[in-house]
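# Structural description and commentary
What follows is each chain in one-letter form.
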Amino acid sequence: MQYDVIVIGGGPGGTKAAQILAVRGKKTALVSDELGGECLNYGCIPTKIYLWSAELFDKFSSASAYGIETDNPRINWQQMKKRKNELVAKLRKNLKWSLEQAGVEIIEGRGEFIDAHTVKVNATGGSKEIKGDYVVVATGSSPIFPEGLQKGGKIVSNREILDLQEIPKKLFVVGGGVIGVEFASLFSTIGSQVTIMERGDRLLPWADFEISAEIERIFARKNITVLKNKQFKQEDSSDADCVLISAGRRPQLGNFPTDVPNIFVIGDATGKMMLAYTAEREGQYTAHKILGEKMEPFDHDKIPSTIFSFPEIGEVGITEDKAKKNNLSYVIGKSLYSANAKALILGARDGFAKVIADKSSHKLLGVHIIGEKASELIAEASLAVTLGLTVEEFNKTLHRHPVLGEILKDACERCSRTYER
């Protein structure tokens, strides 16, 4: 069968590219063995479903402080799993429907290259070959396991931990990145004793150093043990019921022709920013390129990142460490959640917003937030950084009162006061 475009991989990047191309009249085949990819089936979506349940449990457990009496709230792990499975299945069904409505032909199976224009699709019922003028590779990533360590038994990846038979009494997390921090937040909230081992000198080593310090401080208060500057050895976790390996991910590519103008690699498969929304934007960009249309390239340095830990983290732009390394002249504006009226109303005292602005141009260079709804607040900051706004231009926006967004406003105002000195 001949197609204009073959897309290999049904995650956010592949499905976005396929939808745009099919709607624009290109005969498009999407080859996928699991529609929705890692994000929908094992990453972004199921973890957030669990984290919302954990957040509700935490709120109910402390409800008496707000004048609400609850009778001993308890976690029902089996119901949490059931709800997760139902929502994932529903979203996967919705995705399939939207692809079909766009005119995408979905071919179930795994794709491998025969040559630059030919893909062999291996499925349960056999295999077949399809041809395409263009091929988009959106095959995602897979977890990295430390040398000599294999998955099995109590040693799990981010996939298996979603369907444990029961909540582990003791959870040992290898790796203090996004996945490790989110699962530590989840399981410590629903009853596990959690230890995180990080080979570097801090959690979230790529984040702004003050963000790392704050999440470590909060984790210590929540009795989450953090072991730093340590390489994992199996005996370290001998008394753990479950060991989660979250030591990073690698591109899942296989063999395909390189330096061929009709083949495009997007999303996690590039090995760059392994984020669902980055993959989606790359899919969009690639689709327009195949269509022969110009689309303004996006700056990877201005892509926001979010961590759905307790509390949440949102960051965009450069960190203070990077500003120092690049010998930039900058000012800092910082505002605490504990000084924000809405945060106090919500009982969310932990955290801050930190704004980094250029000393001469006053442009916003980076914004770093840790605290309640940071994953939502970072959207406003992301717009400002992407557009290259100054702190004065940002402050032209009138923020309502009382809202959490005033934390950003206050941080920018502190920058402005620094300029006025």
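Higher on the page you've got the structure.
Residues numbered from 1 in each chain as written. Predicted model: local features only at pLDDT ≥ 70, side-chain atom pairs only at ≥ 80, totals over all residues. Heavy atoms only, no water.

### Section: the pattern of salt bridges
Should their charged atoms come close, side chains of opposite charge can pair. Tallying each qualifying case throughout the model produces 23 salt bridges. The closest approach of N and O atoms between Lys59 and Glu55, which form a salt bridge, is 3.7 Å. Here Lys59 and its partner Glu55 are both found in helix H3 (residues 44-61), four residues apart, which amounts to about one turn of the helix. By relative accessible area, Lys59 is classed as partly exposed at 38%. Given a relative accessible area of 17%, Glu55 falls into the buried group. Across the salt bridge formed by Asp208 and Lys354, the nearest N and O atoms sit 2.8 Å from each other. Of this pair, Asp208 sits in the loop between strand S10 (193-198) and helix H6 (209-221) while Lys354 sits in strand S18 (residues 352-358), placing them 146 residues apart in sequence. Bridged by salt links that share partners, the residues Asp208, Glu210, Glu320, Lys324, Lys334 and Lys354 form one connected network. (Salt bridge = Lys/Arg side-chain N within 4 Å of Asp/Glu carboxyl O. Helix = DSSP H or I, 4+ residues; strand = E, 2+ residues; numbered from the N terminus. Buried < 20%, exposed > 50% of the residue type's maximum accessible area, 1.4 Å probe, protein only.)

### Remarks on the side chain of Ser416
Looking at the secondary structure, you find Ser416 in helix H12 (residues 406-420). When its relative accessible area of 13% is taken as the criterion, Ser416 is described as buried. Discounting chain neighbours no more than four positions away, the residues touching Ser416 are Val391, Glu392 and Asn395. (Contact = heavy atoms within 4.5 Å.)

### Some thoughts on the sheet that holds strand S15 (residues 305-307)
The antiparallel open sheet is built from five strands, whose spatial order is S15-S16-S19-S18-S17. The open sheet has two free edges, formed respectively by S15 and strand S17 (330-336), since each of these has just one partner strand. Strand-to-strand, the axes of this sheet are offset by a mean angle of 10°, without reference to chain direction. As paired elements, S18 and strand S19 (residues 364-370) share six bridges and run antiparallel to each other. Directly across from Lys354, in S19, lies its bridge partner His368. Against the sheet, H6 makes contact with strand S16 (313-317), S17, S18 and S19, and its axis sits at roughly 0° relative to S19, the strand it touches most. The sheet contacts of helix H10 (residues 374-387) involve S15, S16 and S19, and relative to S19 the element is tilted by about 180°. (Pairing = 2+ DSSP bridges. Axes fitted to C-alpha atoms, helices over the stretch in contact; angles between N-to-C directions.)

### Examining the environment of Gly180
For Gly180, the position within the fold is in helix H5 (residues 178-189). Residue Gly180 is classed as buried on the basis of its relative accessible area of 0%. The sequence separation of Gly180 and Ser62 amounts to 118 residues, and the corresponding C-alpha distance is 25 Å. In contact with Gly180, other than residues within four places in its own chain, are Val173, Gly175, Ile196 and Ser246.

### Observations concerning the state of the cysteines
Counted by the stated rule, this structure contains one disulfide. Covalently, Cys39 is tied to Cys44 through a disulfide, its sulfur atoms 2.4 Å apart. Across the S-S bond of Cys39 and Cys44 the torsion is about -135°, and the bridge reads as left-handed. Distance from the sulfur of Cys415, which forms no disulfide, to the nearest cysteine sulfur (Cys412) is 6.0 Å. (Disulfide = S-S within 2.5 Å.)

### Concerning unusual backbone geometry
Residues other than glycine predominantly adopt negative phi, and peptide bonds predominantly adopt the trans conformation. For the peptide bond that leads from Phe310 to Pro311, omega is 5°, which places it in the cis range. With respect to the helices and strands, Pro311 occurs in the loop between S15 and S16. That bond from His401 to Pro402 is cis: its omega, -5°, falls within 30 degrees of zero. Considering the arrangement of structural elements, one finds Pro402 in the loop between helix H11 (391-394) and H12.

### Concerning H6
Think of an α-helix as turning once every 3.6 residues; residues three or four places apart then point the same way. A rise of 1.5 Å per residue sets the reference length of H6, with its 13 residues, at 18 Å; its end C-alpha atoms lie 19 Å apart and thus fit the reference within 8%. For H6, the full list of buried residues reads Ile211, Ser212, Glu214, Ile215, Glu216, Ile218 and Phe219. Of the surrounding secondary structure, the elements contacted by the buried residues of H6 are H5, S10, strand S11 (225-228), S16, S18 and S19. Downstream of H6 by one or two residues, Asn223 has phi in the positive range, about 65°. (Expected span 1.5 Å × (residues − 1).)

### Details of H10
Here H10 spans 20 Å end to end across 14 residues, near enough to the 20 Å set by a 1.5 Å rise per residue. The complete set of buried residues in H10 reads Ala374, Ser375, Leu377, Ile378, Ala381, Ser382, Ala384 and Val385. Gly388 sits one or two positions beyond H10 and adopts a positive phi of about 70°.

### Quick look at the sheet that holds strand S9 (residues 170-174)
Spatial ordering of the open sheet is given by S8-S12-S9-S10-S11, a layout of five strands whose pairing is parallel. Edge positions in the open sheet fall to strand S8 (155-156) and S11, since each of these has one partner strand only. Sheet analysis places S10 next to S11, joined by four bridges and oriented parallel. Along S11, the bridge assignment pairs Met197 with Leu227. Set on the sheet, H5 makes contact with S9, S10 and strand S12 (242-245); between it and S10 the angle comes to about 165°.

### Structural notes on the environment of Asn326
You can see Asn326 is positioned in the loop between helix H8 (320-325) and S17. You can call Asn326 partly exposed: its relative accessible area is 41%. Distance from Asn326 to Ile179, taken between C-alpha atoms, is 29 Å for residues 147 residues apart in sequence.

### Let's talk about the side chain of Thr278
The topology assignment puts Thr278 in helix H7 (residues 276-290). In contact with Thr278, other than residues within four places in its own chain, are Met273, Phe298, His300 and Ile303.

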